[in-house]
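Results of the structural survey
Here's the letter readout for the chains.
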Amino acid sequence: MANCDMCGREKELVDAIVEGAVMTVCLDCSKHGSVVAINQPVVDKKIELQKEIESSPSYVDVIVSDFDRRIKNARERKGMTQEDLARDLAEKESVIHQLETGKLKPSFRLAKKLSVFLNIDIIESVESSSKGATKDVDLKSVSVTIGDLLKKDI
Ligand SMILES: [Zn+2]
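Residues numbered from 1 in each chain as written. Predicted model: local features only at pLDDT ≥ 70, side-chain atom pairs only at ≥ 80, totals over all residues. Heavy atoms only, no water.

Okay, the packing of helix α4 (residues 82-89) against helix α6 (residues 108-118) next. Closest axis-to-axis distance for the α4/α6 pair is 11 Å, and the angle between their directions is 110°. When the axis of α4 is compared with that of α6, the two are roughly perpendicular. The crossing of α4 and α6 is right-handed. Facing Leu 85, Asp 88 and Leu 89 of α4, the residues of α6 in contact are Lys 113, Leu 114, Phe 117 and Leu 118. (Axes fitted to C-alpha atoms, helices over the stretch in contact; angles between N-to-C directions. Helix = DSSP H or I, 4+ residues; strand = E, 2+ residues; numbered from the N terminus. Parallel < 35°, antiparallel > 145°, perpendicular 65-115°, else oblique. Left-handed = near helix turned anticlockwise from the far one by under 90°. Contact = heavy atoms within 4.5 Å.)

See the structure below:
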């Protein structure tokens, strides 16, 4: 076991920055105000991860908020009843009714079918708010994993 660079005692040592210089000191000395322990690879990795997320904006598909109005207008333009549309899409009439009244948000599968059939856009790509998603991540918390960060984008 080596000796502490500051007090000379033979103890368990850590690398630390003491007044700008890297020294090997004991745990007692590493608690001094001017000593910064540098054995923190976990924190470094998280900072890199955060930078990566912020520098590469990703896009996510969302259903537009006024899908109900757009579906109804497009159907009426085609001169179809809700029953006609339901039959052509192989969906229940009640599903079409709930979509047009905004009570049911279409799945992406159904939204794509509606978009193609009615020639409308009810799916749009928006830039995912990666900055907002990482803002509330505590970098000091060791319980935060990559999985946790990705979950916030879904
Ligand atoms: Zn010491």
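And the narrative resumes.
Bringing the pattern of salt bridges into the picture now. Tallying each qualifying case throughout the model produces nine salt bridges. Measuring nitrogen to oxygen at the nearest pair gives 3.5 Å for the salt bridge that ties Arg 87 to Asp 84. Note that Arg 87 and Asp 84 are positioned in helix α4 at a spacing of three residues, about one turn of the helix. A residue is classified by how much of its surface remains accessible, and Asp 84, at 22% relative accessible area, is partly exposed. By sharing partners, the salt bridges in this structure join Arg 9, Lys 11 and Asp 28 into a single network. (Salt bridge = Lys/Arg side-chain N within 4 Å of Asp/Glu carboxyl O. Buried < 20%, exposed > 50% of the residue type's maximum accessible area, 1.4 Å probe, protein only.)

The next subject is the coordination of the zinc ion. The protein atoms donating to the zinc ion are Cys 4 (SG), Cys 7 (SG), Cys 26 (SG) and Cys 29 (SG), with metal-donor distances spanning 2.2 to 2.4 Å. Taken together, the four donor atoms coordinating the zinc ion span angles of 104 to 114° at the metal, a pattern that classifies the geometry as tetrahedral. (Donors = N, O, S within 2.8 Å, 3.2 Å for Na, K, Ca; no water. Tetrahedral: all angles 85-135°; square planar, octahedral: opposite > 155°, others 65-115°.)

Attention shifts here to α4. All of the buried residues along α4 are Gln 82, Leu 85, Ala 86 and Leu 89. Looking down the long axis of α4, one finds its buried residues gathered within 100° of arc, a one-sided arrangement. Directly beyond the C-terminal end of α4, a positive phi value near 60° is found at Ala 90. (Arc of directions from axis to C-beta.)

Turning to the environment of Asp 28, a few remarks are in order. As for its position among the elements, Asp 28 is in helix α1 (residues 27-30). Overall, Asp 28 belongs to the partly exposed group, its relative accessible area being 35%. For the pair Asp 28 and Glu 12, spaced 16 residues apart in the sequence, the C-alpha separation amounts to 9.6 Å. Discounting residues that sit within four places of it in the chain, Asp 28 has contacts with Arg 9 and Lys 11. Within the local environment of Asp 28, its side chain forms a polar contact with the side chain of Lys 11, the two groups lying 2.8 Å apart. (Polar contact = N/O pair within 3.5 Å; in protein donor to acceptor, adjacent residues only side chain to side chain.)

Membership of the largest hydrophobic core comes to 19 residues, with the highest contact counts inside it found for Phe 67, Ile 71, Leu 85, Leu 99, Leu 114, Leu 118 and Ile 122. Among the elements of the structure, α3 (67-77), α4, α5 (93-100) and α6 are those that each provide at least two residues to this core. Take this core: its biggest share by element is four residues, from α6. Not counting the four nearest positions on each side in its chain, Leu 114 is found in contact with Ile 71, Leu 85, Leu 89, Leu 99, Pro 106, Asn 119, Ile 120 and Ile 122. Formed by seven residues, the second largest nonpolar core is a distinct cluster that contains Cys 4, Ala 16, Val 18 and Cys 26. (Core = buried A, V, L, I, M, F, W, Y, C linked by side-chain atoms within 4.5 Å.)

Now for the side chain of Arg 75. If you trace the backbone, Arg 75 turns up in helix α3. According to the relative accessible area criterion, Arg 75 is buried, its value standing at 7%. For Arg 75, the side chain forms a polar contact with the main-chain oxygen of Met 80, separated by 2.7 Å.

On their own, these measurements won't tell you what the molecule is for.
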